[in-house]
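# A look at the structure
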Amino acid sequence: MNAVRVSIAGSSGSIGTQTLDVVRAEPDRFRVVGLGVSSSIDVLIAQAIEFRPEFVAVADPAHRAEVAAALPFATVVDSMADLTEFADVVVNAVVGFAGLPVTLRTLAAGKRLALANKESLIAAGPVVQPLRATPGAEIVPVDSEHCAVHQCLRATVRDGVEVSRIVLTASGGPFRGRTLDDLSAVTVEQALAHPTWSMGPKITIDSSTLMNKGLEVIEAHELFGVDYDSIEVVVHPQSVVHSMVEFTDGCTMAQLSLPDMRLPIGYALAHPERISTPYGRIDWTELSRLDFAEPDRRTFRCLDLAYRAGRAGGSLPAFLSAANEVAVESFLAGHLRWPDIAAVIEASLDEHVEFAEALTSEHIIEADRLGRVAARRVLGSTIVTSKANS
Ligand code: MG
């Protein structure tokens, strides 16, 4: 068996390093041919010395000469999107909207995209969808919920007609059960303390606001073509059921496993086969209960903001995702209170104007820019208000 050639865009982050764990565990099955980072070159160099990729990418041009000197065996390419051509499967683990070129180039090259960068699909659905028809192109989601749905859908041969509902599970994040009053003074540290998943800071804050789940609703709509009315979110604090698909006959398939991202990563790399290395197994004698509850949509308003953007479609999801990135950065920098994350995004959405013509990637990039501008403008007045109140 020839090894699957893997490129990783965003190799220094949480998903990138866990992808290398999966490769390390099955060296005969996978071979790393490309690694890319935005600026963490020390991590890149150490990874490249261990895995010997043929190509490396550094988004920040200031660091390229240093990387080239440290890695004489590798070719340094200009952008992470340049890593896509040489691989059988590209892991897009870039954080945020910056992952868009990797998604577009991978699908246009007819390669399998192991998608951890949900923002690119959410923001650019109208541009990404036609590229999925490229011969050989395929998206296998690395997001655990969508990986679960992908697995459940293998239980039907007519998913377009036999699926009646997708149920995405949400851990509820660190603030599950808390009230809005209670949450006005929470710290960045508290928001970063996720109860079940270990992830990067941006997605962990998104998880605390349920924006992550809202973005995942849009992601599920784009990936699986299911209407928003048929995508439900249910809080499941144990994070063992990763999501479910209900079929027209009332049967529900669920995917259960321990919460470890190396499982969806390995699934996406090996698809349609399965890897041989188990990342933990469920002990059914220890697992005494699985709880499910409705999300608190009043406290966690970002969930419905995402439904609103998803239903509107067009460039609004790009605008929402951009405004969210700005609000989360501001919260992480200590400039914004946690409840104001939703307030900033909502006020930003009110400034959105849809383009009149069919959307291209330039429109999506412009919607992203305008979403950031709107959020920064709203933030300016929010910070002034907060200071005046304190
Ligand atoms: Mg997820």
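Residues numbered from 1 in each chain as written. Predicted model: local features only at pLDDT ≥ 70, side-chain atom pairs only at ≥ 80, totals over all residues. Heavy atoms only, no water.

### Let's talk about the packing of helix H10 (residues 201-209) against helix H11 (residues 211-224)
The N-to-C vectors of H10 and H11 enclose an angle of 95°; their axes lie 5 Å apart at closest approach. Between H10 and H11, the angle falls in the class roughly perpendicular. Contacts between H10 and H11 involve Lys 202, Ile 203, Asp 206, Ser 207 and Thr 209 from the first element and Met 211, Asn 212 and Leu 215 from the second. For the contact of H10 with H11, the residue count by class is three nonpolar, three polar and two charged. (Axes fitted to C-alpha atoms, helices over the stretch in contact; angles between N-to-C directions. Helix = DSSP H or I, 4+ residues; strand = E, 2+ residues; numbered from the N terminus. Parallel < 35°, antiparallel > 145°, perpendicular 65-115°, else oblique. Contact = heavy atoms within 4.5 Å. Nonpolar A, V, L, I, M, F, W, Y, C, P; charged D, E, K, R; others polar.)

### Points about the coordination of the magnesium ion
Distances from the magnesium ion to its protein donors, Asp 143 (OD), Glu 145 (OE) and Glu 216 (OE), fall within 2.0 to 2.1 Å. The sequence pattern formed by the donor residues of the magnesium ion is D-x1-E-x70-E. Considered together, Asp 143 and Glu 145 belong to a single accessibility category, that of buried residues. (Donors = N, O, S within 2.8 Å, 3.2 Å for Na, K, Ca; no water. Buried < 20%, exposed > 50% of the residue type's maximum accessible area, 1.4 Å probe, protein only.)

### Overview of the sheet that holds strand S4 (residues 75-77)
Taken together, seven strands build an open sheet; the order of strands is S4-S3-S2-S1-S5-S6-S7 and the sheet is parallel. Lying at the two open borders of the sheet, with one neighbouring strand each, are S4 and strand S7 (138-141). Averaged over all adjacent pairs, the angle separating strand axes in this sheet is 25°, with direction ignored. Two elements, strand S3 (residues 55-58) and S4, share three bridges in a ladder whose sense is parallel. Directly across from Phe 55, in S4, lies its bridge partner Thr 75. Sheet strands touched by helix H2 (residues 41-51): strand S2 (30-37) and S3. Its angle to S2, the strand with the most contacts, is close to 165°. (Pairing = 2+ DSSP bridges.)

### Overview of the nonpolar core
Proteins that are soluble and globular tend to have nonpolar side chains buried together. Ile 166, Leu 320, Ile 345 and Ile 364 are the most contacted members of the largest nonpolar core, which has 70 residues in total. It is helix H14 (residues 316-332) that provides the largest number of residues to this core, a total of nine residues. In terms of nonpolar packing, the next biggest core, distinct from the first, is built from 36 residues, Val 22, Ile 41, Ile 45 and Leu 71 among them. (Core = buried A, V, L, I, M, F, W, Y, C linked by side-chain atoms within 4.5 Å.)

### Some details on the domain arrangement of the chain
One can read the domain layout of the chain as domain 1 (4-141), domain 2 (144-311) and domain 3 (313-390). Measuring from the centre of the C-alpha atoms in domain 1 to the corresponding centre in domain 2 gives 24 Å. Counting from both sides, the interface comprises 29 residues of domain 1 and, opposite them, 33 residues of domain 2. Taking both partners together, domain 1 and domain 2 bury about 2,500 Å²; carbon and sulfur atoms supply 60% of that area. A per-residue breakdown of the area domain 1 buries against domain 2 is headed by Lys 118, Ile 122 and Pro 141, which together make up 25% of the total. On inspection of domain 1 and its partner domain 2, the count reaches four salt bridges. Between Glu 216 and Lys 118 there is a salt bridge, and its shortest N-O distance comes to 2.9 Å. (Domains from an automatic or database assignment. Buried area = accessible area lost by both parts, 1.4 Å probe. Salt bridge = Lys/Arg side-chain N within 4 Å of Asp/Glu carboxyl O.)

### Some details on the environment of Ser 38
With respect to the helices and strands, the residue Ser 38 is situated in the loop between S2 and H2. Leaving out residues up to four positions away in the same chain, Ser 38 has contacts with Val 58, Ala 59, Asp 60 and Met 80.

### Comments concerning the sheet that holds strand S9 (residues 231-235)
The four strands lie next to each other as S9-S8-S10-S11, forming an open sheet whose pairing is mixed. Whereas interior strands pair on both sides, the edge strands pair on one side only; in this sheet they are S9 and strand S11 (252-256). Here the strands of the sheet are splayed against their neighbours by 20° on average, with no regard to which way each runs. Of the pairings in the sheet, the one linking strand S10 (residues 241-247) to S11 comprises five bridges and is antiparallel in character. Considered in S11, the bridge of Ser 243 is made with Gln 255. Here H11 sits on the sheet and contacts strand S8 (163-170) and S9; the angle it forms with S8, its principal contact strand, is near 150°.

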